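Residue-level structural notes
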Amino acid sequence: MNTLIFNGSPRPSGGTARMAAALSEMLPGQTQIVDAYRCGVSPCTDCRWCWTHDRCAIADPMQALYRRISDADCIVIASPIYFAELTGPLLSLASRLQYFWTARRFRHTEVLAPKRRRGAVLLTDGGEGVCEPAMAMAKRLLRVMGADFSGSVYFSGTDQLPAPLERLPEEIVRQLGALAETLRASE
């Protein structure tokens, strides 16, 4: 199983990163975690090059990520929730998925390999409990990447835990295990 996890957290040892790492360890095969804050992917500039060309005009690490998305069996969106939404750097990276949409819309081609991909969402927040907008956006991004939503884990109330977070609560680990089982069963 080839899994690609997009991590939208700025904190390498925070709740989101720990959930992504824990899920990665529970899944068989290869897993790559893409750090949206440090991966060097520029946002879409709406230059519209991809409307008529079979690639994005921006030459950066996203070119390799397009291939990894196409090859992936499982894609996971992991993010803290900032003002009810995914983090800015994750959305900035995701703006480059416009390439997939324009290929379908304007060039009437599919650039993704024809295969079934499974998708999952991992969200954390400091306790307001508003996850619906972030969840809806994450599901939309999964659809653009050709992944069917298989499940999610929502870790709320992280502001009530000691920092740095030494380990995930057992209930979150249990939920991650159930999600991993769902993703494995879909193989």
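Structure first, text after, so check above.
A brief structural summary. (Residues numbered from 1 in each chain as written. Predicted model: local features only at pLDDT ≥ 70, side-chain atom pairs only at ≥ 80, totals over all residues. Heavy atoms only, no water.)

1. Section: the overall build of the chain
Broken down by element type, the chain carries 6 helices and 5 strands. From first element to last, N terminus to C terminus, the chain shows the α and β order β-α-β-α-β-α-α-β-α-β-α. Its C-alpha atoms give the chain a radius of gyration of 16 Å, within 12% of the compact-globule value 16 Å for 187 residues. In terms of overall dimensions, the chain has C-alpha extents of about 50 × 35 × 25 Å along its principal axes. Across the 187 residues of the chain, 44% fall into the buried class. Sequence separation of 24 or more characterises 80% of the internal contacts of the chain that already satisfy a separation of 6 or more. Roughly 9200 Å² of accessible area belongs to the chain as shown, and the carbon and sulfur atoms make up 53% of that amount. Computing the positive centroid from 21 side-chain charges and the negative centroid from 19, the chain places the two 7 Å apart. (Helix = DSSP H or I, 4+ residues; strand = E, 2+ residues; numbered from the N terminus. Rg over C-alpha atoms; globule rule 2.2 N^0.38 Å. Buried < 20%, exposed > 50% of the residue type's maximum accessible area, 1.4 Å probe, protein only. Contact = heavy atoms within 4.5 Å. Areas by Shrake-Rupley, 256 points an atom, 1.4 Å probe, with all protein chains shown as cover. Lys, Arg positive; Asp, Glu negative; His and termini not counted. Charge placed at Lys NZ, Arg CZ, Asp CG, Glu CD.)

2. A short note on empty space enclosed by the protein
Empty space among the atoms becomes visible once a probe the size of a water molecule is rolled across them. Tallying each qualifying case throughout the model produces 2 cavities of 30 Å³ or more. Around the largest cavity sit 16 residues that line it, and Cys 44, Asp 46, Cys 47, Cys 50 and Cys 56 are the ones nearest its centre. Of the residues contributing to the lining of the largest cavity, the split by class is 10 nonpolar, 3 polar and 3 charged. Volume-wise, the second largest cavity comes out at about 50 Å³. Taken together, Phe 6, Met 62, Ile 69, Ile 77, Leu 90, Leu 93, Ala 94, Leu 97, Leu 141 and Met 145 make up the lining of the second largest cavity. Looking at the lining of the second largest cavity, the elements with two or more residues in it are helix H2 (62–71) and helix H3 (88–94). For the lining of the second largest cavity, the element with the highest residue contribution is H3, accounting for 3 residues. Counted by class, the lining of the second largest cavity contains 10 nonpolar, no polar and no charged residues. (1 Å grid on protein atoms, 1.4 Å probe; cavity = no way out; pocket = protein on both sides within 12 Å on 5 of 7 lines; lining within 4 Å. Points joined across faces, edges and corners; volume = space filled by probe spheres on them. Nonpolar A, V, L, I, M, F, W, Y, C, P; charged D, E, K, R; others polar.)

3. Things to note about the layout of surface pockets
Each pocket or cavity is described by its volume, and for the largest pocket that value is around 280 Å³. Looking at the lining of the largest pocket residue by residue, the class counts come to 7 nonpolar, 8 polar and 3 charged. As a volume, the second largest pocket reaches approximately 230 Å³. Along the walls of the second largest pocket sit Leu 91, Ala 94, Ser 95, Leu 97, Gln 98, Trp 101, Met 137, Arg 140, Leu 141 and Val 144, which together make up its complete lining. Every element with two or more residues in the lining of the second largest pocket is listed here: H3, helix H4 (98–105) and helix H5 (132–144). Residue contributions to the lining of the second largest pocket peak at 4 residues, all from H5.

4. Quick look at the pairing of strand E3 (residues 74–80)
Where a strand is regular, its side chains alternate between the two sheet faces. In terms of burial, E3 is a largely internal element, 7 of the 7 residues being buried. Of the two faces of E3, both are covered, the one formed by Cys 74, Val 76, Ala 78 and Pro 80 as well as the one formed by Ile 75, Ile 77 and Ser 79. Both strand E1 (residues 2–7) and E3 contribute to a ladder of 5 bridges, which runs parallel. Bridge pairing in E3 links Thr 3 to Cys 74. Summarising the sheet, E3 and strand E4 (residues 117–125) pair through 7 bridges and their orientation is parallel. Residue pairing in the sheet places Pro 80 in a bridge with Thr 124 of E4. (Pairing = 2+ DSSP bridges.)

5. A word on the sheet that holds E4
The 5 strands are arranged E2-E1-E3-E4-E5 in an open sheet whose pairing can be described as parallel. The open sheet is flanked by strand E2 (30–35) and strand E5 (147–156), the only strands paired with a single partner. Averaged over all pairs of adjacent strands, the angle between strand axes in this sheet comes to 15 degrees, irrespective of strand direction. The sheet contact formed by E1 and E2 spans 6 bridges and is parallel. Across the sheet, residue Asn 2 finds its bridge partner in E2, namely Gln 30. Sheet strands touched by H5: E3, E4 and E5. Its angle to E4, the strand with the most contacts, is close to 155 degrees. (Axes fitted to C-alpha atoms, helices over the stretch in contact; angles between N-to-C directions.)

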